[in-house]
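These are the residues of each chain, in order.
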Amino acid sequence: MDFRKRLSELGIEMPAVAEPLGGYVPAVVGRDTVVVSGQLPLRGGQLVAVGRVGEAVSLEAAQEAARVAVVNGLAAAEWAVKPGPMRKRFERVLRVGVFVASGEGFTEHHRVADGASGLLAELGVGEEVRHARAAVGVSRLPLDAPVEVELLLGLRPESPGPDAD
């Protein structure tokens, strides 16, 4: 799947990879997986919403923030795999983890996570985008973001080059 092309068809621009806020990298590639570090809902270097969901941030704004964080996650995955190989190697979304900065009494974490899952569903078809998921409420997230999303993506094995033994 070509995430960049599908996002463009939806009117969404693939952003540059966000700079890590600490001592980690945006994503790491294993033999057949890409593990994407938690991504914040940054657009143009600014959070699209600030605060806890159910207080300063509405459910709808949090769902949109989750969508933005997924796009940032896909940019990180593409950065780690490199654009050409990512299009050729992407096999499926394995897991989505959604952390929700929750106001007192907020219990709709799963609905916030639907923002992330919904965008992934728009990007692909069938089994390639069906995924396991966790939606977890936390008291605060970095920079006072309302949502943070992590991704685990499956890759097809790389084809050996012509000089491979």
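Fair warning: this is a prediction, and the values are worked out from it, not measured in the lab. (Residues numbered from 1 in each chain as written. Predicted model: local features only at pLDDT ≥ 70, side-chain atom pairs only at ≥ 80, totals over all residues. Heavy atoms only, no water.)

This brings us to the layout of surface pockets. Approximately 310 Å³ is the volume attributed to the largest pocket. Residue lining of the largest pocket: 15 residues in total, with Pro15, Leu42, Arg43, Val68 and Asn72 positioned closest to the centre. Secondary-structure elements contributing two or more residues to the lining of the largest pocket are strand 3 (42-43) and helix 2 (59-81). (1 Å grid on protein atoms, 1.4 Å probe; cavity = no way out; pocket = protein on both sides within 12 Å on 5 of 7 lines; lining within 4 Å. Points joined across faces, edges and corners; volume = space filled by probe spheres on them. Helix = DSSP H or I, 4+ residues; strand = E, 2+ residues; numbered from the N terminus.)

Phi angles above zero are rare outside glycine, and Leu143 is one such case at about 60°. The topology assignment puts Leu143 in the loop between strand 6 (132-138) and strand 7 (147-155). Judged by relative accessible area, Leu143 falls into the exposed class, the value being 51%. The phi dihedral of Asp144 falls on the positive side, at around 65°, and the residue is not glycine. Among the structural elements, Asp144 can be located in the loop between strand 6 and strand 7. (Buried < 20%, exposed > 50% of the residue type's maximum accessible area, 1.4 Å probe, protein only.)

Glancing now at the side chain of Ser102. Here Ser102 is to be found in the loop between strand 5 (90-101) and helix 4 (109-123). A distance of 2.7 Å separates a polar atom in the side chain of Ser102 from a polar atom in the side chain of His109. Residues contacting Ser102, with those up to four places away along its chain left out, are Arg52, Val53, His109, Gly137 and Val138. (Polar contact = N/O pair within 3.5 Å; in protein donor to acceptor, adjacent residues only side chain to side chain. Contact = heavy atoms within 4.5 Å.)

With that settled, the discussion passes to the packing of helix 2 against helix 4. The geometry of helix 2 relative to helix 4 is characterised by a closest axis approach of 7 Å and an angle of 45° between their N-to-C directions. Classified by the angle their axes make, helix 2 and helix 4 are oblique. Of the two elements, helix 2 crosses helix 4, and the hand of that crossing is right-handed. Of the residues in helix 4, those touching helix 2 at Leu59, Ala62, Gln63, Ala66, Arg67, Val70, Val71 and Leu74 are Arg111, Val112, Gly115, Ala116, Gly118, Leu119, Leu120, Glu122 and Leu123. A class-by-class count of the residues in the contact of helix 2 with helix 4 yields 11 nonpolar, 3 polar and 3 charged. (Axes fitted to C-alpha atoms, helices over the stretch in contact; angles between N-to-C directions. Parallel < 35°, antiparallel > 145°, perpendicular 65-115°, else oblique. Left-handed = near helix turned anticlockwise from the far one by under 90°. Nonpolar A, V, L, I, M, F, W, Y, C, P; charged D, E, K, R; others polar.)

Scanning the model with the defined rule gives 1 cavity of 30 Å³ or more in all. Taken as a whole, the largest cavity encloses approximately 40 Å³ of empty space. As for the largest cavity, its lining consists of Met1, Asp2, Phe3, Arg4, Glu78, Pro83, Met86 and Arg87. Among the elements of the structure, helix 1 (3-9) and helix 3 (83-89) are those that each provide at least two residues to the lining of the largest cavity. With 3 residues, the top contributor of residues to the lining of the largest cavity is helix 3.

A sheet is described by the order of its strands in space; here 5 strands give the open sequence 1-2-7-5-6, paired in mixed fashion. In this open sheet, the two edge strands, each paired with only one partner strand, are strand 1 (27-29) and strand 6. In this sheet, adjacent strand axes meet at a mean angle of 10° when their direction is disregarded. Bridge analysis of strand 1 against strand 2 (residues 33-39) gives 3 bridges, and the strand direction is antiparallel. The residue of strand 2 that forms the bridge with Ala27 is Val36. Across the sheet, helix 2 lies against strand 1, strand 2 and strand 7, angled at about 40° from strand 7, the strand it touches most. Of the strands in this sheet, strand 5, strand 6 and strand 7 are in contact with helix 4, which crosses strand 6 at around 140°. (Pairing = 2+ DSSP bridges.)

With that out of the way, let us pick up the packing of aromatic side chains. Think of a pair of aromatic rings as described by two things: how far the centres are apart, and how the planes are tilted against each other in angle. Evaluated as defined, the whole model comprises 1 aromatic pair. Ring geometry for Phe3 against Phe90: centres 4.8 Å apart, planes inclined by 70°, an arrangement best described as edge-to-face. Linking Phe3 in helix 1 with Phe90 in strand 5, this pair joins segments that are 87 residues apart in sequence. Taking the relative accessible area as the measure of exposure, Phe3 reaches 3% and is therefore buried. With a relative accessible area of 1%, Phe90 lands in the buried category. In this structure, Lys82 is placed above the aromatic ring of Trp79, and the distance from its NZ or CZ to the ring centre is 5.5 Å. (Phe/Tyr/Trp six-rings, centres within 6.5 Å; stacked < 30°, edge-to-face > 60°. Lys NZ or Arg CZ within 6 Å of the ring centre and 35° of its normal.)

Read these as geometric descriptors, not functional statements.
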